[in-house]
Amino acid sequence: MNMVNKEEIEQFFLTLQDDICAGLEKADGKSAFKEDKWERTEGGGGRTRVIQDGAIIEKGGVNFSSVYGNCPDFLKQEAGIPQSETVQFHATGVSLVIHPNHPFIPIIHMNVRYFEAGSMWWFGGGIDLTPHYIDKGEAAFFHKGLKKVCDEYGASYYNEFKKWADEYFYIKHRGETRGIGGIFFDRLSDKDGFTKEQRFSFVKAVGNSFLRLYLPLIENNRSKLYTEENRQWQLLRRGRYAEFNLVYDRGTKFGLFTNGRTESILMSLPPLARWDYNYIPRHNSLEDSTLNLLKLPITWDA
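First, a word on what this report is: a plain description of the structure on this page. (Residues numbered from 1 in each chain as written. Predicted model: local features only at pLDDT ≥ 70, side-chain atom pairs only at ≥ 80, totals over all residues. Heavy atoms only, no water.)

**Regarding the packing of helix α1 (residues 6-28) against helix α6 (residues 210-221)**
The criterion, for reference: Axis definition: a line fitted to C-alpha atoms, over the contacting stretch in the case of helices. Angles run 0 to 180 degrees between N-to-C directions. Helix numbers and strand numbers start at the N terminus; a helix is a DSSP run of H or I with at least 4 residues, a strand a run of E with at least 2. Put simply, angles under 35 degrees are roughly parallel, angles over 145 are roughly antiparallel, angles from 65 to 115 are roughly perpendicular, and the rest are oblique. Rotating anticlockwise by less than a right angle from the far helix to the near helix defines a left-handed crossing, while the corresponding clockwise rotation defines a right-handed one. Any two residues whose heavy atoms approach within 4.5 Å are treated as being in contact. Residue type decides the class: Asp, Glu, Lys and Arg count as charged, Ala, Val, Leu, Ile, Met, Phe, Trp, Tyr, Cys and Pro as nonpolar, and the leftover types, Gly among them, as polar.
Two elements in contact, α1 and α6, have axes separated by 11 Å at closest approach and are oriented at 10°. In terms of orientation, α1 and α6 fall into the roughly parallel class. The two elements α1 and α6 meet at a crossing, and its hand is right-handed. Within the contact between the two elements, α1 uses Asp19, Ile20, Gly23, Leu24 and Ala27 and α6 uses Phe210, Leu211, Tyr214, Leu215 and Ile218. When grouped by side-chain class, the residues that make up the contact of α1 with α6 number eight nonpolar, one polar and one charged.

Here's what the structure looks like:
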């Protein structure tokens, strides 16, 4: 059996981008994605797709990229390749962030990616949910769905990758999690007896789970009434989201350090956000309840 190759992986990511965009457009019912193709001087490029001012989605992006060329020094160090060695790298994947206009519909982020340099290869990615207001039932629904995906491919996957997400999506300078977490994984290679085909099958399953997990959350909440106070809280939580992406996010750093397209990399930032000085929500308010749940460790009955 031939080992899965980068062309096959890249084609899956292209199809995944198409499928997710179609599903989100249908759910929104008003706006459509606009595509912007770009090329990277050193090699490769991508398709940036952005949707704005929709019935549900205030701003969202679903990006595909495939970049290659001489491996930069920081990637050699990460991959354990001697700095004196000249090797080619190839990185491809899909990354998305959706910022809804409704305070009771959560922000969602997902990325699935593949990297190779020389003879080394690995998969990475994750999916996590950032509600402006946490609903424990919806949090459990999301995590149960992820656990079901993980359990099919590795007995330890869910617990391992949930813990990784909890620790990764943590805003250290605030002492709070970005949201309710999800799963996060990196450097999934052929170690521990896994084949490349098995790792790729898992990554495909994660990507294909997106619409199944997110569309019900849109439908559950899109008709709920909300106040201006709810909207202002949403903007404050978006501020926290922006802080994480600009300070800690690996994908943002990777894109900028490999001379990726800045507009595509910073697509993840919300269209509007707030930073109120020393904001403290009212005791026992919905906002206070949500803030008290953004702590580690926490489980969601998955």
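**Some points on the packing of aromatic side chains**
The criterion, for reference: Any two of the Phe, Tyr and Trp rings considered here, Trp counted by its six-membered ring, make a pair once their centres fall within 6.5 Å; the pair's planes then place it as stacked at under 30 degrees, edge-to-face at over 60, or tilted in between. Exposed residues in this analysis have more than 50% of their type's maximum accessible area, buried residues have under 20%, and partly exposed residues fall in between, with area computed by a 1.4 Å probe over protein chains only. For a ring to carry a charge above it, either NZ of a lysine or CZ of an arginine must fall within 6 Å of the ring centroid while also lying within 35 degrees of the normal to the ring plane.
One pass over the structure, following the stated rule, counts 25 aromatic pairs. A centroid spacing of 5.4 Å and a plane angle of 40° characterise the contact between Phe161 and Phe185, whose relative ring orientation is tilted. In this pair, Phe161 sits in helix α4 (residues 157-168) while Phe185 sits in strand β9 (residues 181-188), placing the two residues 24 residues apart along the sequence. A relative accessible area of 1% places Phe161 in the buried class. Relative to Phe169, the ring of Tyr168 lies with its centre 4.8 Å away and its plane at 80°, an arrangement referred to as edge-to-face. Of the two residues, Tyr168 and Phe169, neither departs from the other in class, the shared state being buried. An aromatic cluster of three or more residues is present, and its members are Phe12, Phe13, Tyr114, Trp121, Phe123 and Phe200. Lys172 extends its terminal NZ or CZ atom over the ring of Tyr248, reaching a point 4.7 Å from the ring centre. Above the ring of Phe200, the side-chain terminus of Lys204 is found at 4.7 Å from the ring centroid.

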